[in-house]
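# Understanding the architecture of this molecule
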Amino acid sequence: MLDLTKLAKAMQGISQHLTLEAAASRQRVELAQELFADACTQQAELVEKQHKWRDRILFSIATPVEPLDTAVDIPIPPAVHTVIATDGSQIAPNQHEIAYCYLLNIGRVVLHYGQNRQPLLDSLPEVFYRPEDLYISRQWGIRTEEWMGYCRTAAEATILAELALTGARSREQVSSSVPLLAMVDGSLIYWFLEQLPLEARDRILPPILDAWDQLKEAGIPIMGYLSASRSGEAINFLRLQACPHENPDCVTYCPNLVVEKAPCQMLDPLRDIALWTFTLKPGQRSALWRSSHRILDLYGCHSVYFCYVHVGTEIARIEVPAWVAENTELLDQSLSLMLAQVQKGYGYPVALAEAHNQAVVRGGDRARFFTLLEQQMIKAGLRNVGISYKEARKRGSIA
């Protein structure tokens, strides 16, 4: 139980700290706007420097593929369209429960607009209990809980492609002109894969890219929606402008970035969204950027581009594969459907919100899951089925 009286005393002074931090943040924003204005006039030179010195730059910088001050109005969405989304949740393995296993639950949503068709709102649960499922990751030094999250990411992509292809076949039966959009909650850049051993990575990334290949072949765009993004890829481009040296040679001039703060880091901890808070109007997108994360070298034709969109309630980061970004008509259509989803969802895409609601495993669901599991174990003839004494004591208090 949280003692609010003691908590109030512990939080004394936080107001003053936040006031000082807000003033410092305003100064960083003003400096960022100045650097941004200067970078707009020297964009070609900065991009050339980035390309020439990319092997000597020790931080990740996205590359703008349109003028920095781009502000494009997103078109009105077509009345007839379909939006597909998936999201996942899980029950982690617990040695104090009646059995050591875990569950993945993938929420599925298909919303049809202007077609007089019923939506799909459900979830697909899968239980993992075999030793090869529970312990395979330990050979790579990865905890089961972490591995479960990676497998969930791959499952979300695979099921999203299956839904979209089913929708595409239905579209052919109804009308081939019905636009489709496949959405995921979060980034399409799976940076966590960089740290995985090659054998472990090959179990996660190929199924994702296979799913995206199917979407590309069917002409169905996939989009990642990031609310309250913490990314600094775009603002790092301004560090080229702020660099006091003739060339951005970090290896020579700033080799100890982990220990020391480089002179070009004057905007830290400012994030990308600060650049467009005051420049974009509701319903507008920023310039397109090509991400430079190292893991994207393995993506092939699915290298990720992103832009920032003023959706009315916030500045959201939108990510799409290269084959969507390079098709202007497909990109505009996708952004229009995304913006319509945000408006229907009162600030957040309704398809993603519903996919999350379908996937989430609440307390009652967890209890029912273990009740079903207990029934199956008893039916199989197992004895002494029950939770550990520690877990039993944690669920109730004697005092």
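Quick summary incoming for the structure in this document. Keep in mind that what you see is a predicted model, and the values were worked out from it rather than measured. (Residues numbered from 1 in each chain as written. Predicted model: local features only at pLDDT ≥ 70, side-chain atom pairs only at ≥ 80, totals over all residues. Heavy atoms only, no water.)

Scanning the protein from N- to C-terminus turns up 14 helices and 11 strands. Principal-axis analysis of the C-alpha atoms places the extent of the protein at approximately 75 × 60 × 45 Å. Residues counted as buried form 47% of the 399 residues belonging to the protein. For the protein, contacts bridging at least 24 residues in sequence account for 75% of all contacts bridging at least 6. On the protein, roughly 21,100 Å² of surface is accessible, and the fraction owed to carbon and sulfur atoms is 52%. (Helix = DSSP H or I, 4+ residues; strand = E, 2+ residues; numbered from the N terminus. Buried < 20%, exposed > 50% of the residue type's maximum accessible area, 1.4 Å probe, protein only. Contact = heavy atoms within 4.5 Å. Areas by Shrake-Rupley, 256 points an atom, 1.4 Å probe, with all protein chains shown as cover.)

Our focus in this paragraph is the pairing of strand β7 (residues 222–226). Burial analysis of β7 places 5 of its 5 residues in the buried class, which makes it a mostly covered element. Neither face of β7 is exposed, since I222, G224 and L226 on one face and M223 and Y225 on the opposite face are all buried. For the segment spanning strand β6 (residues 180–185), helix α6 (residues 198–218) and β7, crossover handedness is right-handed. Pairing of β7 with strand β11 (residues 315–321) involves 3 bridges; the strand directions are antiparallel. Note that in β11 the partner of Y225 across the bridge is I318. (Right-handed = clockwise from strand over helix to strand, strands pointing away. Pairing = 2+ DSSP bridges.)

With that settled, consider α6. In this model α6 runs 30 Å from its N-terminal to its C-terminal C-alpha over 21 residues, within 8% of the 30 Å that 1.5 Å per residue would give. Along α6, the sharpest change in direction is near 25 degrees and occurs at I204; proline P206 comes one to four residues later. The complete set of buried residues in α6 reads A200, R201, I204, L205, I208, L209, A211, W212 and L215. (Expected span 1.5 Å × (residues − 1). Bend = angle between axes of the 7 residues up to and from the residue.)

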